[in-house]
Protein chains: 2
Amino acid sequence: MDDLPKRITLKDVARAADVSLASASYAINGTGSLGEAVRSHILRTAENLGYRRNLSARAVRTGKTGAIGLVVPDFTNPFFTHLAQSVMRAARLAGYCVFVTDTEESESLEREAFKRMIDRGVDGIVWFPIRDVNTVEAQTRMVPTVLIDRSISGLESIQADYARGGELAAEHLIGLGHSRIGVVAGPRDILSQKQRIDGAVAAIKAAGTLAFSVSNAFSMDLEPSVTKAISAGKATAIFAGTDLIALGVIRYAQSLGLRVPDDLSVVGFGDMPWGQMASVPLTTVEMPIDDMAQEAVDALMRRIDQREPSHGKVFATGLIRRGSTAAARMVKIA
Amino acid sequence: MDDLPKRITLKDVARAADVSLASASYAINGTGSLGEAVRSHILRTAENLGYRRNLSARAVRTGKTGAIGLVVPDFTNPFFTHLAQSVMRAARLAGYCVFVTDTEESESLEREAFKRMIDRGVDGIVWFPIRDVNTVEAQTRMVPTVLIDRSISGLESIQADYARGGELAAEHLIGLGHSRIGVVAGPRDILSQKQRIDGAVAAIKAAGTLAFSVSNAFSMDLEPSVTKAISAGKATAIFAGTDLIALGVIRYAQSLGLRVPDDLSVVGFGDMPWGQMASVPLTTVEMPIDDMAQEAVDALMRRIDQREPSHGKVFATGLIRRGSTAAARMVKIA
DNA sequence: ATGAAAGCGCTAACAT
DNA sequence: ATGTTAGCGCTTTCAT
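Read on for a plain summary of the structure. Predicted, not measured: the structure shown is a model, and the values here were computed from it.

Parameters and conventions
Residues numbered from 1 in each chain as written. Chains lettered and ligands numbered in written order. Predicted model: local features only at pLDDT ≥ 70, side-chain atom pairs only at ≥ 80, totals over all residues. Heavy atoms only, no water. Helix = DSSP H or I, 4+ residues; strand = E, 2+ residues; numbered from the N terminus. Disulfide = S-S within 2.5 Å. Buried < 20%, exposed > 50% of the residue type's maximum accessible area, 1.4 Å probe, protein only. Pairing = 2+ DSSP bridges. Right-handed = clockwise from strand over helix to strand, strands pointing away. Least-squares fit on C-alpha atoms with pLDDT ≥ 70 in both. Contact = heavy atoms within 4.5 Å. Axes fitted to C-alpha atoms, helices over the stretch in contact; angles between N-to-C directions. Near = heavy atom within 4 Å. Polar contact = N/O pair within 3.5 Å; in protein donor to acceptor, adjacent residues only side chain to side chain. Parallel < 35°, antiparallel > 145°, perpendicular 65-115°, else oblique. Left-handed = near helix turned anticlockwise from the far one by under 90°. Nonpolar A, V, L, I, M, F, W, Y, C, P; charged D, E, K, R; others polar. Buried area = accessible area lost by both parts, 1.4 Å probe. Salt bridge = Lys/Arg side-chain N within 4 Å of Asp/Glu carboxyl O.

1. Brief notes about unusual backbone geometry
Residues and elements named next belong to chain A.
In step 1: Residue P261 is reached from V260 by a cis peptide bond, and omega for that bond is 10°.
In step 2: Counting through the fold element by element, P261 comes out in the loop between α11 (243-255) and β9 (265-269).
In step 3: The backbone phi angle of E105 is positive, close to 60°, even though this residue is not glycine.
In step 4: The topology assignment puts E105 in the loop between β2 (97-102) and α6 (107-119).

2. Describing the state of the cysteines
In a disulfide, the sulfur atoms of two cysteines are held together by a covalent bond.
In step 1: Counted under the stated rule, the structure contains zero disulfides over all chains.
In step 2: Here A:C97 stays unpaired: no disulfide links it, and the sulfur of B:C97, its closest cysteine neighbor, is 13 Å away.
In step 3: The exposure class of A:C97 is buried, given its relative accessible area of 7%.

3. Topic: the pairing of strand β6 (residues 180-185) of chain A
Residues and elements named next belong to chain A.
In step 1: Burial analysis of β6 places five of its six residues in the buried class, the great majority of the element.
In step 2: In this sheet, strand β7 (residues 209-215) lies alongside β6 in parallel orientation, the contact comprising six bridges. Among the inter-strand pairings, A185 is bridged to a residue of β7, identified as S215.
In step 3: Handedness of the crossover joining β6 and β7 through helix α9 (residues 191-207): right-handed.

4. A closer look at the relation of the copies chain A and chain B
In step 1: Turning chain A through 180° and shifting it by 0.0 Å along the axis lays it on chain B, with an RMSD of 0.1 Å. When the rotation and shift are considered jointly, the pair of chain copies conforms to a two-fold rotation axis. Within chain A, the C-alpha atom positioned nearest to the axis of rotation is that of A:S279, 1.7 Å from it.
In step 2: When the interface residues of chain A are mapped onto chain B, 98% of them again fall at the interface, so both copies present the same face.

5. Concerning the sheet that holds strand β7 (residues 209-215) of chain B
All names here are of chain B.
In step 1: The six strands are arranged β7-β6-β8-β9-β10-β12 in an open sheet whose pairing can be described as mixed. Each end of this open sheet is capped by a strand with a single partner; those strands are β7 and β12 (318-320). For this sheet, the mean inter-axis angle between neighbouring strands, taken without regard to orientation, is 20°.
In step 2: Where strand β10 (residues 283-286) meets β12, three bridges bridge the pair, whose relative direction is antiparallel. In the strand pairing of β12, T284 is matched with I320.
In step 3: Seen against the sheet, helix α10 (residues 224-231) touches β6 (180-185), β7 and β8 (237-240) and runs at an angle of roughly 160° to β7.
In step 4: Contacts from helix α11 (residues 243-255) reach β6, β8, β9 (265-269) and β10 within the one sheet, and its direction differs from that of β9 by about 160°.

6. Some points on the sheet that holds β7(A)
All names here are of chain A.
In step 1: Strand order across the open sheet formed by six strands is β7-β6-β8-β9-β10-β12, with mixed pairing between neighbours. The sheet is open, and its two edges are formed by β7 and β12 (318-320), each paired on a single side. The average undirected angle you get between the axes of adjacent strands in this sheet is 20°.
In step 2: Sheet analysis places β9 next to strand β10 (residues 283-286), joined by three bridges and oriented parallel. Bridged to F269 within β10 is V285.
In step 3: Along the sheet, helix α8 (residues 162-175) contacts β6, β8 (237-240), β9, β10 and β12; its crossing angle with β9, the most-contacted strand, is approximately 165°.
In step 4: Relative to β9, α11 is tilted by about 160°, and along the sheet it contacts β6, β8, β9 and β10.

7. With respect to the protein's contact with DNA strand D
In step 1: Contacts to DNA strand D come from 26 residues, most closely from A:G35, A:R61, B:L10, B:Y51 and B:R61.
In step 2: The share of sugar and phosphate among atoms of DNA strand D within 4 Å of the protein is 55%.
In step 3: Here a phosphate oxygen of DNA strand D and a side-chain polar atom of A:S33 are 2.9 Å apart.
In step 4: A distance of 2.8 Å separates a base nitrogen of DNA strand D from a polar atom in the side chain of A:R61.

8. Structural notes on the packing of helix α1 (residues 10-17) of chain A against helix α3 (residues 36-49) of chain A
Relative placement of two packed helices is described by the angle separating their axes and the distance separating the axes.
Residue and element names in this part refer to chain A.
In step 1: Packing of α1 against α3 leaves a shortest axis separation of 9 Å and a crossing angle of 120°. Relative to α3, the element α1 is oriented oblique. For α1 against α3, the interelement crossing comes out right-handed. In contact with D12, V13, A16 and A17 of α1, α3 contributes H41, I42, T45, A46 and L49.

9. Brief notes about the protein's contact with DNA strand C
In step 1: Every one of the 27 residues lining DNA strand C counts as a neighbour, but A:L10, A:Y51, A:R61, B:G35 and B:R61 are closest to it.
In step 2: Among all atoms of DNA strand C positioned within 4 Å of the protein, those belonging to sugar or phosphate total 64%.
In step 3: Between DNA strand C and A:S25 there is a distance of 3.0 Å, counted from a phosphate oxygen to a side-chain nitrogen or oxygen.
In step 4: Within the side chain of B:R61, an N or O atom sits 2.9 Å from a base nitrogen of DNA strand C.
In step 5: Going through the elements one at a time, α1, α2 (21-29) and α4 (55-62) of chain A together with α2 (21-29) and α4 (55-62) of chain B are the ones with two or more residues in the surface near DNA strand C.
In step 6: Of the residues belonging to the surface near DNA strand C, the class tally is 13 nonpolar, nine polar and five charged.

10. A few points about the interface of chain A and chain B
In step 1: Counting residues at the interface gives 57 residues for chain A and 56 residues for chain B.
In step 2: Buried area between chain A and chain B, both sides added, is near 5,100 Å², and the carbon and sulfur share of it is 58%.
In step 3: Summed over the three residues of chain A that lose the most area to chain B, namely A:D119, A:R120 and A:W274, the buried surface amounts to 15% of that side.
In step 4: There are eight salt bridges connecting chain A and chain B.
In step 5: A salt bridge links A:R89 to B:E104; the nearest nitrogen and oxygen atoms lie 2.9 Å apart.
In step 6: The interface formed by chain A and chain B holds 26 residue pairs in polar contact (both at pLDDT 80 or more) in total.
In step 7: For the side of chain A that touches chain B, the secondary-structure elements that each account for two or more residues are α4, α5 (78-93), β2, α6 and α11 of chain A.
In step 8: Per-element tally for the side of chain A that touches chain B: the top contributor is α5(A), with eight residues.
In step 9: Class assignment for the residues of the side of chain A that touches chain B results in 30 nonpolar, twelve polar and 15 charged.

Structure follows, in structure tokens:
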């Protein structure tokens, strides 16, 4: 393999264009004041030489790298990769590059990720924490940080109307004639989970019976308390705190010989990609991920530029009817 | 929001520890030679002060940022996000951070991505090009680059045994009793596609009839030539160049009233995540993505360190039998 | 074993 | 309008 050519510096450009370093800098950055002829001449020489600016060097001077970090808990979950895609796009349009890290649901990786990013001098971090817990307290004081979904005191967070979303899911089930509805939440110490569950439970209780209310990790693999609740057969419909959990519920129900949606209706939350391609296309509650990602990046830019923070915008949720829910059947004539 | 605290520099550490800047640097980096007492004293002071090294500044001096870039064509495809996850993990373990970009199948975004990354001074780039075409010729001369899957002359590429994979798929179908097999390739100007298709076609022709051989973009949406071929009903089984295409074939077949696998068997390629959760769990050809990602990062490190390149390792493919293939049915007694 | 100082590529304040 | 220059935080050569 041939050696890489030596990189052209601004000094090289200045020399080749026969101007001062400052003028070269002005031309490249569109700052200072320069005659039109000189400016375009410098730009042309830079182009010819194949000059590329050295952003590390600029960062040393200005303290701004033009890079941001994105820290999410699980790249295995399409919900997060979709989010990542949206954040990357929004950042790109704002002229930023993004360091992406998957913390693999590990708090120590979360800490490590923040340290690395701060060492690299990112201008800000978009963070989807594992839990509603600031595992990186010291770091979040060092760098502008904006959360998505989770709630941590002192940190701005971009959120959707989770309570209304839960309500929507419950109302959908109730409208379908279900009266015994079970709930499988994600971890309840996470506010966004608690809110959607509370919203659903209130609606369920107002119109029928809450068959059960259990919790599960963010995973398709169901814990014993959950499988027990489902297999008891007290519910004709289930609301899950997350699409991933909903998929787990469907899989488990099918393993029990239950047909979805004929024997059991299931509603998820989040509208993760591929949920509609699943063995049973998932009925779910959507939120505007693209908009939320955009807002997260915008909010971060505001903080970076020390402009006034936004005013707790809350994004609307909506129900997406697909194949995993159906009208409750008549009581069996046993 | 409170202002960010001023960042502690190495100079601050040196002053606080009452040593020279050089000693502080030696201590932090474990370079130079320092008395044990002095070294640990400096380290302790740095820790107490909450010192974090400024990698931009280091990069200006050393020319190495400790960051690499990852450029992939489509973050909407779980295959690529899985790959990204593996690359990110391998990079993290090697002490690198990674700038991720989704080029959204656009050559201009591909070019833009490379420019941005070079401006940021990445030490190397792992690149999954859109096509077997070097859209960034000038850039790949500036920065060590390693490809995955695609073939571009002059660039090292990490690949699997695609030909054997295609053969495996065909043999599976033949073993199931299928004799009229159709093929839906991805774009044929991509070598890795051509190889898997050629592998499959050779096996098919040796044992039966190639019902048709058409191409489609990397998408679930099928083009007219493809839908026409499928709806003609000449094949009892289809090999698709990619899982995404396979899923599109299944969807289209079902829309035609065909049952998969009863009326039509379908094999994909790539073993993308969620393929097994699809309405019909996808039979497919797998390749060891984690290992390939690791090798890509290793190969990149070798190039960065100017060590000898590796010797064209080729990764093995294997067949994963799932629900989208079944034994060919007896000829209808019409 | 430790320190002084040069210099990486760049920006911006300050001349002219 | 253009140039001179200090200095960002760091590494590293060269003295001591």
